[in-house]
Amino acid sequence: MADNPKFYNLEEVEDLARKVLPKAVHDYFATGADTNTTLHDNRQAYQRLRIVPRVMVNVSNIDLTYELLGRKLSMPVVVAPMSAMLMAHKEGEPATARAAVAANTCMIVSTMATTSLEGVAAASQGSPLVIFQLYVQRDRDFTASLIRRAEKAGYGAIMVTVDSPRVGNREADERNKYGIRDDLAYENLRELAPRVQPHDRISAAGTVNIFNTNMDDTLTWDFVQWVRTVTKMPVFVKGVLSPKDARSAVDAGVDGLVLSNHGGRQLDHSPAPLDMIASVRRAIGYRVPLLMDGGIRRGTDVLKALALGADAVLLGRPVMFGLALDGQKGVERVLELLRRELELAMVLAGCSSLSDISKDLLMQYPASML
């Protein structure tokens with residue numbers, strides 16, 4: 001890109017990306033399901049909380065480091081799994097992986113990537129941790145092959161998405177006739193090609209058909225034990241919101257949870273993950289790491305999530321839009337801006353380390369004031 005658009009926070013980056021992405025591609029990344037109510041509520045949830053700072057605290061040295069699965073990350077922010085990054089930028093998933101390495105944090109790689117999981121792993125050399133996000137196929141042999149490929153490639157964990165037995169109603173994709181380009185494919189699903197209609201690789205309806213034809217909608221918590229027979233890697237589940245489900249997941253033996261409503265792209269009118277952190281934490285205690293995603297745009301957002309009981313957050317759309325704007329450098333800037341903002345928020349709130357962040361920092365803002 002000849003000109004490098006400057007952005008100074010993560011709220012600006014989408015507006016700039018909108019100017020360089022085709023409308024159908026932008027809308028695929030940006031929009032949610034049905035009325036977009038959940039999509040918007042993911043952001044509004046942060047506005048309902050205010051931070052009550054502590055003063056007269058020594059904040060001359062701030063430690064943002066976070067340990068996940070025994071790996072030390074530079075901050076409690078990891079890159080969320082997202083599909084089709086080559087639609088945003090010619091360097092796609094490898095550029096994002098290199099940016100995560102530069103930020104010394106973790107990238108979670110999507111099953112629906114347009115670069116093979118091995119290709120992303122190769123670009124992740126030097127990363128403290130790379131996780132493979134798994135959409136479970138009805139064909140368990142194929143699913144097992146994906147898991148084994150990830151383990152062989154050096155991934156440190158599997159993250160099973162559990163909120164997508166079918167694809168949510170994403171009207172913008174139908175309206176825009178969104179589809180990945182003819183020269184691209186969901187590389188990790190190439191072996192499924194004989195079972196998929198030719199148009200499925202490139203059309204919005206085809207993406208729906210890939211899910212509704214091949215994704216396993218019979219999953220129960222017994223699946224966790226099946227995964228244990230395939231790999232020794234830790235197993236996370238992503239897409240839990242109910243405290244009861246969280247408890248069931250931990251009882252089934254998962255190694256970590258991600259509270260998520262899929263960025264508002266699945267069940268519209270489901271709650272914002274931020275609003276569920278406290279109740280899920282009460283349900284599971286501190287038995288496993290608890291991560292969350294949805295609506296993160298500011299360092300204060302991360303601070304609020306941690307204060308409610310999350311251990312770390314996943315960052316999605318701003319990464320994709322940073323990639324669209326300037327490839328690896330754009331993603332690096334997104335991650336660095338959020339790291340700086342989190343550090344400053346901790347200083348001003350009187351927290352010198354992540355362990356100092358607690359729920360007594362927060363107050364509920366009166367609804368009448370919003």
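Quick notes on the rules
Residues numbered from 1 in each chain as written. Predicted model: local features only at pLDDT ≥ 70, side-chain atom pairs only at ≥ 80, totals over all residues. Heavy atoms only, no water. Helix = DSSP H or I, 4+ residues; strand = E, 2+ residues; numbered from the N terminus. Rg over C-alpha atoms; globule rule 2.2 N^0.38 Å. Buried < 20%, exposed > 50% of the residue type's maximum accessible area, 1.4 Å probe, protein only. Contact = heavy atoms within 4.5 Å. Areas by Shrake-Rupley, 256 points an atom, 1.4 Å probe, with all protein chains shown as cover. Lys, Arg positive; Asp, Glu negative; His and termini not counted. Charge placed at Lys NZ, Arg CZ, Asp CG, Glu CD. 1 Å grid on protein atoms, 1.4 Å probe; cavity = no way out; pocket = protein on both sides within 12 Å on 5 of 7 lines; lining within 4 Å. Points joined across faces, edges and corners; volume = space filled by probe spheres on them. Nonpolar A, V, L, I, M, F, W, Y, C, P; charged D, E, K, R; others polar. Expected span 1.5 Å × (residues − 1). Bend = angle between axes of the 7 residues up to and from the residue. Axes fitted to C-alpha atoms, helices over the stretch in contact; angles between N-to-C directions. Parallel < 35°, antiparallel > 145°, perpendicular 65-115°, else oblique. Left-handed = near helix turned anticlockwise from the far one by under 90°. Polar contact = N/O pair within 3.5 Å; in protein donor to acceptor, adjacent residues only side chain to side chain.

## A few points about the overall build of the protein
The helix and strand tally for the protein stands at 13 helices and 12 strands. Rg of the C-alpha trace for the protein: 20 Å, near the compact-globule value of 21 Å for 370 residues, within the 12% margin. In terms of overall dimensions, the protein has a C-alpha envelope of 65 × 50 × 45 Å along the principal axes. Looking at the 370 residues of the protein, the share that counts as buried comes to 58%. In the protein, once contacts between residues fewer than 6 apart in sequence are set aside, the share between residues at least 24 apart is 74%. If you sum the accessible surface of the protein, you get close to 15,500 Å²; carbon and sulfur atoms cover 51% of it. In the protein, the 43 positive side-chain charges and the 43 negative ones have mean positions that sit 1 Å from each other.

## Digging into the layout of surface pockets
One number sums up the size of the largest pocket: a volume of about 840 Å³. F29, H262, G263, R265 and R317 are the residues nearest the centre of the largest pocket, which is lined by 43 residues in total. Those elements that provide at least two residues to the lining of the largest pocket are α1 (10-20), α2 (23-30), α3 (37-47), α8 (204-214), β11 (312-315) and α13 (317-349). Looking at the lining of the largest pocket element by element, the count peaks at five residues for α1. Here the lining of the largest pocket is built from residues that sort into 17 nonpolar, 15 polar and 11 charged. For the lining of the second largest pocket, the secondary-structure elements that each account for two or more residues are α11 (273-284) and α12 (299-308). Its residues assigned to classes, the lining of the second largest pocket comprises nine nonpolar, three polar and four charged.

## Considerations on α12
Of all the 10 residues making up α12, eight are buried; the element is thus mostly covered by neighbouring parts of the structure. Within α12, the full set of buried residues consists of G299, D301, V302, L303, K304, A305, L306 and A307. One or two steps after α12, the chain reaches G309, where phi turns positive at roughly 130 degrees.

## Notes on α13
In this model α13 runs just 27 Å from its N-terminal to its C-terminal C-alpha over 33 residues, more than 12% under the 48 Å that 1.5 Å per residue would give. Of all bends in α13, the biggest is about 140 degrees, found at D326.

## Quick notes on the packing of helix α10 (residues 243-252) against α11
Relative to each other, α10 and α11 sit at 40 degrees, their axes nearing to 8 Å. As far as their axial angle goes, α11 and α10 are oblique. At the point where α10 passes α11, the crossing takes the right-handed sense. Across from P243, A246, R247 and V250 in α10, the residues of α11 making contact are M276, S279, V280, A283 and I284. A class-by-class count of the residues in the contact of α10 with α11 yields seven nonpolar, one polar and one charged.

## Focus: the side chain of S353
Tracing the sequence through the fold places S353 in the loop between α13 and β12 (362-364). At 2.8 Å, the side chain of S353 and the side chain of S355 are in polar contact. If sequence neighbours within four positions are ignored, S353 has contacts with D63 and M346.

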